[in-house]
Amino acid sequence: MPYIKKTLITTEACDAVHDKRLSISLMADGFSFSELSAQGELLAFGEAVGGHDPSMTNATRDIKAFFAEVGIRPLGFRRMELTVMSDDSVWVPDEVFSPAAVRQYLKVVGAEGRQPMTAPCRDLASTAVFTADEGIATAFKVALPGLTVANQHVRMVGCASLSGSHPVLLSHWRQGRVDLAAFADGRYLYGNTLRFNDENTLRYQLLEVVRTFGLERPDTELLMCGDVDRERFANYRPYFPKTTLFTGRATVGPAFRMLHTYRHALILI
């Protein structure tokens, strides 16, 4: 089924295409995307809804048709990136990484037998090996030549600078999942995806991460983004010295004042 436009917000900013970045986040029922200037200013935001066609040929057609409809020509961008959500992933240092062993690496997280994907991370001098829907990711790469694919943990590593003055636990919330990245002194300390049914148990797990990695300080901050409502935010706020909705690092102008940027922070980093 072709993708249907749910949201589209654009500005009149005119950057040369080669100075812009196209960032896409894949969801189970569609995708969201942003255009960012070289200076990190949000120029456009959109959401597409619709099931991903299991045929790569049809999915590629649908992706091309959608971007043509919203007036985005995928040519000449400085960078185009797709973020896929992965429940199972592992970091492998570059000095020991072997493409022939990617299936073996996933055994340590109990994901053997799944089709692995990989993404390099220069900040950690490591490669992320993870599971995701390779078919739809490949369709995006065919539709948008030059597109790179990574999972949410690779994107979250790029937020280490947020912890320059105090420890930070960045949390990205999804249906029954929370993706975590812990930082201190500008360094990435820990990353994982936790599955949960009971938020009381999950609170204990988050506090255990804080204790384990030495983040128990009076200025530690919990950053929350993704599927966060008032109740969830209120449930975690008393347990951390500071709790904040993370809205990404893009500069957002008045055209986007009604956009809940914290829900889409991964494409605004």
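Residues numbered from 1 in each chain as written. Predicted model: local features only at pLDDT ≥ 70, side-chain atom pairs only at ≥ 80, totals over all residues. Heavy atoms only, no water.

A. Structural detail: the overall build of the protein. The helix and strand inventory of the protein stands at 6 helices and 14 strands. Compactness check: the protein gives a C-alpha radius of gyration of 19 Å against a globular reference of 18 Å for 269 residues, within 12% of the reference. Its C-alpha atoms give the protein principal-axis dimensions of roughly 50 × 50 × 35 Å. A total of 269 residues make up the protein; the buried ones form 51% of that total. Residue pairs at least 24 apart in sequence account for 61% of intrachain contacts in the protein once pairs closer than 6 positions are excluded. Surface exposure of the protein reaches about 13100 Å², of which carbon and sulfur atoms provide 51%. (Helix = DSSP H or I, 4+ residues; strand = E, 2+ residues; numbered from the N terminus. Rg over C-alpha atoms; globule rule 2.2 N^0.38 Å. Buried < 20%, exposed > 50% of the residue type's maximum accessible area, 1.4 Å probe, protein only. Contact = heavy atoms within 4.5 Å. Areas by Shrake-Rupley, 256 points an atom, 1.4 Å probe, with all protein chains shown as cover.)

B. The sheet that holds strand β5 (residues 79-84), seen in detail. Across the sheet, which stays open at both edges, the 6 strands sit in the order β1-β4-β3-β2-β5-β9 with mixed pairing between neighbours. Across the chains shown, the open sheet's two edge strands, defined by having one partner strand only, are β1 (4-10) and β9 (148-151). Across the sheet, the mean angle separating the axes of adjacent strands is 15 degrees when strand polarity is ignored. The sheet contact formed by strand β2 (residues 21-27) and strand β3 (residues 30-36) spans 7 bridges and is antiparallel. Residue pairing for β3: I24 is matched across the bridge by F33. (Pairing = 2+ DSSP bridges. Axes fitted to C-alpha atoms, helices over the stretch in contact; angles between N-to-C directions.)

C. Main features of the packing of aromatic side chains. A complete count under the given rule lists 13 aromatic pairs for this structure. Summarising the aromatic geometry, the rings of F33 and F67 are spaced 5.5 Å apart at their centres and angled 65 degrees between planes, so their arrangement reads as edge-to-face. Of the two residues, F33 is situated in strand β3 and F67 in helix α1 (residues 56-69); the sequence distance between them amounts to 34 residues. What makes F67 buried here is its relative accessible area of 2%. Note on Y190 and F213: the rings are 4.9 Å apart at their centroids and 40 degrees apart in plane angle, and the pair reads as tilted. (Phe/Tyr/Trp six-rings, centres within 6.5 Å; stacked < 30°, edge-to-face > 60°.)

D. Representation of the confidence of the model for the protein in the model. Looking at the protein as a whole, its pLDDT mean stands at 92, while 96% of the residues score no less than 70. Least confident of the elements in the protein is helix α2 (residues 102-105), whose mean pLDDT is 90; most confident is strand β13 (residues 221-226), at 98. (pLDDT = per-residue confidence, 0-100.)

E. Here's a closer look at unusual backbone geometry. Phi angles above zero are rare outside glycine, and A125 is one such case at about 50 degrees. Along the chain, A125 turns up in the loop between β7 (116-121) and β8 (126-131). Since its relative accessible area comes to 39%, A125 is described here as partly exposed. A positive phi is found at D185, a non-glycine position, where the angle reads about 55 degrees. As for its position among the elements, D185 is in the loop between β11 (177-184) and β12 (187-195). Judged by relative accessible area, D185 falls into the exposed class, the value being 55%.

F. Geometry of the pattern of salt bridges. Using the criterion set out here, one finds 13 salt bridges in the structure. Among the salt bridges present, the one from E35 reaches K20, with a minimum N-O distance of 3.0 Å. With E35 in strand β3 and K20 in the loop between β1 and β2, this pair connects stretches of sequence that are 15 residues apart. For the pair formed by E35 and K20, the shared burial category is buried. D87 serves as the salt-bridge partner of R174, at 2.9 Å between the closest nitrogen and oxygen. Note that R174 is positioned in strand β10 (residues 168-174) and D87 in the loop between β5 and β6 (89-93), a separation of 87 residues in sequence. D87 gets classed as partly exposed once you look at its relative accessible area, which sits at 23%. Beyond isolated ion pairs, a larger network of salt bridges with shared partners links R21, R79, E81 and R155. (Salt bridge = Lys/Arg side-chain N within 4 Å of Asp/Glu carboxyl O.)

G. Structural context of helix α3 (residues 134-143). For α3, the complete set of buried residues consists of I136, A137, A139, F140 and A143. Down the axis of α3, the buried set is contained in an arc of 155 degrees. They therefore lie on one face. Packed against the buried residues of α3 are β2, β3, α1, β5, β7 and β9. The N-terminus of α3 is capped by D133, whose side-chain oxygen sits 3.1 Å from the backbone nitrogen of G135. (Arc of directions from axis to C-beta. Polar contact = N/O pair within 3.5 Å; in protein donor to acceptor, adjacent residues only side chain to side chain.)

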